[in-house]
Amino acid sequence: ETGVTQTPRHLVMGMTNKKSLKCEQHLGHNAMYWYKQSAKKPLELMFVYSLEERVENNSVPSRFSPECPNSSHLFLHLHTLQPEDSALYLCASSQALGGGATDTQYFGPGTRLTVL
Amino acid sequence: KNEVEQSPQNLTAQEGEFITINCSYSVGISALHWLQQHPGGGIVSLFMLSSGKKKHGRLIATINIQEKHSSLHITASHPRDSAVYICAVPYNTDKLIFGTGTRLQVFP
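These lines cover the structure that appears in this document, whether it is placed above or below. Only a predicted model underlies this, so the values are computations on that prediction, with no experimental measurement involved. (Residues numbered from 1 in each chain as written. Chains lettered and ligands numbered in written order. Predicted model: local features only at pLDDT ≥ 70, side-chain atom pairs only at ≥ 80, totals over all residues. Heavy atoms only, no water.)

This brings us to the sheet that holds strand E3 (residues 19–25) of chain B. Residue and element names in this part refer to chain B. What the five strands build is an open sheet, ordered E1-E3-E8-E7-E6; its pairing is antiparallel. The sheet is open, and its two borders are formed by strand E1 (4–7) and strand E6 (52–56), each paired with just one other strand. If you compare each strand with its neighbour and ignore which way they point, the axes differ by 15° on average. Pairing analysis gives five bridges linking E6 to strand E7 (residues 59–64), with the strands arranged antiparallel. (Pairing = 2+ DSSP bridges. Helix = DSSP H or I, 4+ residues; strand = E, 2+ residues; numbered from the N terminus. Axes fitted to C-alpha atoms, helices over the stretch in contact; angles between N-to-C directions.)

In this section: the interface of chain B and chain A. Contact with chain B, which involves 21 residues of that partner, is made by 24 residues of chain A. Taking both sides of the interface into account, the surface hidden between chain B and chain A amounts to around 1700 Å²; carbon and sulfur atoms contribute 58%. Taken together, chain B and chain A are joined by zero salt bridges. Run the count over chain B and chain A and you get one residue pair in polar contact (both at pLDDT 80 or more). Mapped by element, the contributors of at least two residues to the side of chain B that touches chain A are strand E4 (32–37), strand E5 (43–49), strand E9 (83–92) and strand E10 (95–98) of chain B. Grouping the constituent residues of the side of chain B that touches chain A by class yields seven nonpolar, 12 polar and two charged. (Contact = heavy atoms within 4.5 Å. Buried area = accessible area lost by both parts, 1.4 Å probe. Salt bridge = Lys/Arg side-chain N within 4 Å of Asp/Glu carboxyl O. Polar contact = N/O pair within 3.5 Å; in protein donor to acceptor, adjacent residues only side chain to side chain. Nonpolar A, V, L, I, M, F, W, Y, C, P; charged D, E, K, R; others polar.)

Following this line, the structure appears as structure tokens:
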């Protein structure tokens, strides 16, 4: 049990669909992250939230829209995705405010997304 | 060129062998992370270290700040150690840069 849960674990969607990924952390952490992991590529940071405020938006296309309603929940809203967006989307959390580079991050199991 | 390079990319071993995975980086850092990713995707943080050596069970991580190099060692490897091992370094206070990972398979 990592303390970070993600739903759904698998998602198949068409390019015209709208779907949302959910992440919840039960660790009392203050920072949450969305990462994308494509095949044979390193993990890429997408968004960072600290105390529900976005502190990093790593040049992510607008078809990905994050939402952080409170410090325990993080959503990634998806719309009009492209097949190249198929990847594993990982959520993580850390105790530190505004960053995680020098703090341990705790990862969820990921959502395997396939865009047809 | 990725700022974090790992070697080897793939590694196979027999149970019981001593394993070494290497990580070299080009940016100045305050700490380096080693992560483990099992089939299915879940990632676990193994170590965060800024100098010297850390040990946890059969896992040992070392870092040489001057040479910008870190190694992850696994003693008495076991099939359950089969996973992808990822090295990551801070880019700034908000970001980690990740290596592409080393895929380890340990056979009985």
